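# Topology and contacts: notes
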Amino acid sequence: MAEEIVITSEDKASKYEELLPQINALVTGETNATANLANIAAALHHTFHFFWTGFYLVDQNELILGPFQGPIACTRIAFGKGVCGSSWEQKQTLVVPNVHEFPGHIACSSDSNSEIVVPILDKNNEVQMIFDIDSAQFGTFNEVDKHYLEILAASISNWMNQWI
Ligand code: SME
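The following paragraphs examine the structure supplied in this document. This is a predicted model, so every value here is computed, not measured.

## Side note on the site of the ligand
- Within the structure, the ligand sits among 13 residues, and V83, C84, I106, E115 and D134 are positioned closest to it.
- One nitrogen or oxygen atom from the side chain of E115 is found 3.1 Å from a nitrogen atom belonging to the ligand.
- Separating an oxygen atom of the ligand from a side-chain N or O atom of D134 is a distance of 2.8 Å.
- Within the complex, the protein chains bury 98% of what would otherwise be the 300 Å² of accessible surface of the ligand.
- Taken atom by atom, the bulk of the ligand overlaps the largest cavity.

## Remarks on empty space enclosed by the protein
- Evaluation of the coordinates by the stated rule reveals one cavity of 30 Å³ or more.
- There is about 180 Å³ of room inside the largest cavity.
- I106, C108, E115, D132 and D134 are, among the 18 residues lining the largest cavity, the residues nearest its centre.
- Counting only elements with at least two residues in the lining of the largest cavity, the list comes to β1 (52-59), α3 (82-90) and β6 (127-135).
- Of the residues forming the lining of the largest cavity, the biggest block, three residues, is contributed by α3.
- A per-class count over the lining of the largest cavity returns eleven nonpolar, four polar and three charged.

## Focus: the environment of A33
- As for its placement among the helices and strands, A33 is situated in helix α2 (residues 33-48).
- Those residues in contact with A33 that lie beyond four places of it in its chain are M160, W163 and I164.

## Focus: the environment of R76
- On the secondary structure map, R76 appears in strand β3 (residues 76-78).
- Judged by relative accessible area, which is 52%, R76 ranks as exposed.
- Setting aside anything within four residues of it in sequence, one finds R76 in contact with E62, L63 and I64.
- One polar contact links R76 to E62, side chain to side chain, over a distance of 2.5 Å.

Rules and cut-offs
Residues numbered from 1 in each chain as written. Predicted model: local features only at pLDDT ≥ 70, side-chain atom pairs only at ≥ 80, totals over all residues. Heavy atoms only, no water. Near = heavy atom within 4 Å. Polar contact = N/O pair within 3.5 Å; in protein donor to acceptor, adjacent residues only side chain to side chain. Areas by Shrake-Rupley, 256 points an atom, 1.4 Å probe, with all protein chains shown as cover. 1 Å grid on protein atoms, 1.4 Å probe; cavity = no way out; pocket = protein on both sides within 12 Å on 5 of 7 lines; lining within 4 Å. Sits in = over half its atoms within 2 Å of the grid points. Points joined across faces, edges and corners; volume = space filled by probe spheres on them. Helix = DSSP H or I, 4+ residues; strand = E, 2+ residues; numbered from the N terminus. Nonpolar A, V, L, I, M, F, W, Y, C, P; charged D, E, K, R; others polar. Contact = heavy atoms within 4.5 Å. Buried < 20%, exposed > 50% of the residue type's maximum accessible area, 1.4 Å probe, protein only.

In structure tokens, the structure reads:
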């Protein structure tokens, strides 16, 4: 695996363009899902200096906290609840510029002000986990984040078939 992530670009899209191949390299040769999800969360978190970056894994009728970077977080989220449970229910990415205006938003931290949640599907097209990123600023996430994080989500979905 690569030993460090090197990002030289200034703008967001170029950072993602540099980061995604490095994430690919990072997970190549490692088949443990927890290890790879932990490193993916770390790579994104430290590239963009997000407030919270991590995964929630589907377990029966709820999401359970998975590998993440940032402050401690809620451990369980019900189907349809909060931004994460809504993304799971709707099977689509949710970009929330102001979490305080999102009905039912679950505030794991009062310091989080905007959020993006991307579902990751299994081979049967069911949501198997969600990718959740929080920012301390309002309006951090836009179509650029959605575009690249959905590419990453599709890669993770493929990789998960080989990971244990
Ligand atoms: N805000 C999320 C809960 C998870 S934390 O942000 C880490 C939600 O409303 O689902």
